[in-house]
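Fold and geometry: a report
As a plain string of letters, each chain reads:
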Number of protein chains: 2
Amino acid sequence: MKIRVFVSLKDGVLDPQGKAVEHALHSLGFKGASDVRISRVVDLHVKADNAEEAKAKGAEMARALLANEVIEDFHVEVAG
Amino acid sequence: MKIRVFVSLKDGVLDPQGKAVEHALHSLGFKGASDVRISRVVDLHVKADNAEEAKAKGAEMARALLANEVIEDFHVEVAG
């Protein structure tokens, strides 16, 4: 079963990569760009009998490896 | 207006980061994890009068900076 884990920085946590991209966009003439935040998406297949189990496995993987819960939030979607 | 740019590797392009995560998941006991692919999501605000203009600006930014179209695909969503 295919799942997608979104991992994004918590609100209020500084995003240096986003800031760098924002500056680069301004340099390229995109003056209206602001509040740039960069997140990760992890797409993967898991062995699961149903969507609920797949989602639970995704959350377990996120807690164990994919997300740093001190500074990041995550959510899991089942793609089918 | 808030937009979201998804940037993912084209099918067939090797994803070393995804492979590394896959191995790490296996090491942690998640033996069923496979086909791990990692993508980027760039959330940002743009100045635009309507959703269509916002989307067009997002695509322009993706082509100029956010995505490497040789190996990556992107798509833009308007979040509101």
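Residues numbered from 1 in each chain as written. Chains lettered and ligands numbered in written order. Predicted model: local features only at pLDDT ≥ 70, side-chain atom pairs only at ≥ 80, totals over all residues. Heavy atoms only, no water.

Per an unreviewed UniProt entry, chain A goes by Phosphoribosylformylglycinamidine synthase subunit PurS and derives from Bombella favorum. Annotation of chain A in UniProt includes, under Subunit (unreviewed entry), the sentence "Part of the FGAM synthase complex composed of 1 PurL, 1 PurQ and 2 PurS subunits." According to the UniProt record, the Subcellular location (unreviewed entry) comment for chain A is "Cytoplasm". (UniProt positions renumbered as here; feature names shortened; annotations may be inferred.)

Contact with chain B, which involves 28 residues of that partner, is made by 28 residues of chain A. Together, the buried faces of chain B and chain A total about 2,300 Å²; carbon and sulfur atoms form 69% of this surface. The tally of links between chain B and chain A comes to zero salt bridges. Applying the counting rule to chain B against chain A returns eight residue pairs in polar contact (both at pLDDT 80 or more). Among the elements of the structure, strand 1 (2-9), helix 1 (16-27), strand 2 (34-45) and helix 2 (51-66) of chain B are those that each provide at least two residues to the side of chain B that touches chain A. Of all the elements, strand 2 of chain B adds the most residues to the side of chain B that touches chain A, at 12 residues. When the residues that make up the side of chain B that touches chain A are grouped by side-chain class, the tally is 17 nonpolar, four polar and seven charged. (Contact = heavy atoms within 4.5 Å. Buried area = accessible area lost by both parts, 1.4 Å probe. Salt bridge = Lys/Arg side-chain N within 4 Å of Asp/Glu carboxyl O. Polar contact = N/O pair within 3.5 Å; in protein donor to acceptor, adjacent residues only side chain to side chain. Helix = DSSP H or I, 4+ residues; strand = E, 2+ residues; numbered from the N terminus. Nonpolar A, V, L, I, M, F, W, Y, C, P; charged D, E, K, R; others polar.)

With that out of the way, let us pick up the relation of the copies chain B and chain A. Overlay of chain B on chain A (RMSD 0.0 Å): rotation 180 degrees, translation along the axis 0.0 Å. Seen this way, the second copy is the image of the first under a two-fold rotation axis. For chain B, the smallest separation between a C-alpha atom and the rotation axis is recorded for Arg40 of chain B, amounting to 2.4 Å. Comparing interface residues between copies, 100% of those in chain B also sit at the interface in chain A, which points to an isologous, same-surface contact. (Least-squares fit on C-alpha atoms with pLDDT ≥ 70 in both.)

Turning our attention to the sheet that holds strand 3 (residues 72-78) of chain A. Backbone-to-backbone hydrogen bonds join strands into a sheet, with any given pair of strands oriented parallel or antiparallel. Strand order across the open sheet formed by six strands is 3(A)-1(A)-2(A)-2(B)-1(B)-3(B), with antiparallel pairing between neighbours. Lying at the two open borders of the sheet, with one neighbouring strand each, are strand 3 of chain A together with strand 3 (72-78) of chain B. Ignoring strand direction, the axes of neighbouring strands in this sheet form an average angle of 20 degrees. Looking at chain direction, strand 2 (residues 34-45) of chain A and strand 2 of chain B are connected through nine bridges and run antiparallel. Residue Ser34 of chain A lies in a different strand from strand 2 of chain B, and its bridge partner there is His45 of chain B. Helix 2 (residues 51-66) of chain A rests against strand 1 (2-9), strand 2 and strand 3 of chain A of the sheet, and its axis sits at about 155 degrees to strand 3 of chain A. (Pairing = 2+ DSSP bridges. Axes fitted to C-alpha atoms, helices over the stretch in contact; angles between N-to-C directions.)

Their axes nearest at 11 Å, the elements helix 2 of chain A and helix 1 of chain B cross at an angle of 105 degrees. Judged by the inter-axis angle, helix 2 of chain A sits roughly perpendicular to helix 1 of chain B. Residues Met61, Leu65 and Leu66 of chain A of helix 2 of chain A lie in contact with helix 1 of chain B, whose contacting residues are Val21, Ala24 and Leu25 of chain B. Per-class residue counts for the contact of helix 2 of chain A with helix 1 of chain B are six nonpolar, no polar and no charged. (Parallel < 35°, antiparallel > 145°, perpendicular 65-115°, else oblique.)

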